[in-house]
Amino acid sequence: MADTGFTLFDTAIGRCGIVWNERGIAGVQLPEANAPATRARVVKRFPGAREQTPTDGVRFAIDAIVALLRGEARDLGALDLDLERVPEFQRRVYEVARTIAPGATVTYGEIARRLGDPGLARAVGQALGKNPFAIVVPCHRVLAAGGKPGGFSANGGAATKLRMLAIEGARVAAAEPTLFDGAHALGFDTDSALAHVRAADPNLARVIDAVGPFRMERKATLSVFGALAEAIVYQQLNGKAAATIYGRLCGLFPRAGSGPTPRHILGASDAELRSAGLSRAKLLALRDLAERTKARELPTLGDAEAMSDDELVERLTKVRGIGRWTAEMFLMFRLGRPDVLPVGDFGIRKGFQIAFRKREMPAPDAVSKRGERWRPYRTLASWYLWRATELPQKPRAA
């Protein structure tokens, strides 16, 4: 077996890893939550690899990757890869993928057609999902049908893919609605998140043990407008009452199978909207949301995937009736973001009080300070704090 070395290196998207042997580059690792996690993933993928100083050829490859990820149009097609253990079909897929220039994109179907069989689109996707040479074999430049982002197996999921495409100046069909469904769409590795939070905070680890498996799910979303419209309706109401009102609102537009659109809201009279049970404040909030969507002041789902949490909160909270809490719920449950901690939420603070056995409800600053231990997986920690409020409580000693 060829002697295998690896090293980590810094890029615009975080610390990556590269693995090599005498035949060429054996693998590239995109960033995990932190450098130790990236190193651990490399070692797991390549047992026996030793961390060492890169050769001149590997240093050339690193410099090219770093330049590409800061926006330079570098061609990585000449870099040598160790393809000895890569199956023939995957080799053919990777060969085609390496012809895609920075800033350009193709679909899985297009690669299948180039291979001579349009029916191989799913197999192409599976091959790219196993790509050990991320960036060098630019699987991030391969999109789903209709130019939608599609999946991405690296940490951060589609958000990482969109960020890399944005760096290269690629145009993704972000205006097209994207459907995310359930836990499969969470934008982070939950096993890594659990391990990190457990190690970072033994007190919270006890809550994790008491609650059990992490079961947070990402709610199906067709558009930013639709998600926020539903959130506005649900604000300050119990679930049953809110669902009834939202159902009535949808019932005003029976041909809108996925809920009302901005055009529906702007075309309806105040009386019609109020007949669904909306308060005056929520009616005005929905109209503002519709106007801003029509004026393209809100990001599309594809745009949102490529934006930072802070950028999104700033954009969303410009809408009447959308505060920071609602924006944070959107980040967590609609986009599956990994590092959100809504410190103003009553349930979070109550769960914190229970988890850390505080006599009084903690201030948001106290939760925020402790939450620094849980970065970059504060979403998972938040979910367990909510669940802590559901655990049986032992009575305090007199």
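Structure shown above.
A brief report on the enclosed structure follows. (Residues numbered from 1 in each chain as written. Predicted model: local features only at pLDDT ≥ 70, side-chain atom pairs only at ≥ 80, totals over all residues. Heavy atoms only, no water.)

## Focus on the packing of aromatic side chains
Where we set the bar: Centre distance within 6.5 Å is the pairing criterion for rings of Phe, Tyr and Trp, where only the six-membered ring of Trp is used; planes under 30 degrees apart are then read as stacked, over 60 as edge-to-face, and the remainder as tilted. Counting from the N terminus, the helices are DSSP H or I runs at least four residues long and the strands are E runs at least two residues long. Whether a residue is buried, partly exposed or exposed follows from its accessible area with a 1.4 Å probe, protein chains only, as a fraction of its type maximum: under 20%, in between, or over 50%, in that order. Whether a charge lies above a ring is judged from NZ of Lys or CZ of Arg, which has to be within 6 Å of the ring centre and within 35 degrees of the ring normal.
Evaluation of the coordinates by the stated rule reveals eight aromatic pairs. Taken together, a centroid distance of 5.1 Å and an interplanar angle of 85° make the contact between F214 and W383 edge-to-face. Residue F214 is found in the loop between α8 (202-211) and α9 (224-234), and its partner W383 is found in helix α19 (residues 378-388); the two are separated by 169 residues along the sequence. Residue W383 is classed as buried on the basis of its relative accessible area, which comes to 8%. Where F356 meets W374, the ring centres are 6.4 Å apart and the plane angle is 15°; that geometry is what we call stacked. Placement of F356 in the loop between α17 (346-355) and α18 (364-371) and of W374 in the loop between α18 and α19 is noted, with a sequence separation of 18 residues between them. Judged on exposure class, the residue F356 and its partner W374 are both buried. Positioned above the aromatic ring of Y234 is the side chain of K219, whose terminal nitrogen or guanidinium carbon lies 6.0 Å from the ring centre. In this arrangement the basic side chain of R387 is found over the ring face of W383, its NZ or CZ atom lying 5.0 Å from the centre.

## Notes on the nonpolar core
As a reminder, the rule being used: For this analysis, a nonpolar core means a set of buried residues of the types Ala, Val, Leu, Ile, Met, Phe, Trp, Tyr and Cys, connected via side-chain atoms within 4.5 Å. Any two residues whose heavy atoms approach within 4.5 Å are treated as being in contact.
If you look at the biggest cluster of nonpolar residues, it comprises 62 residues, and the most contacted ones within it are L249, W374 and Y384. Sequence-distant contacts of W374, that is, excluding residues within four places in its chain, are made with H196, V197, D201, L204, L341, F352, F356, A381 and L385.

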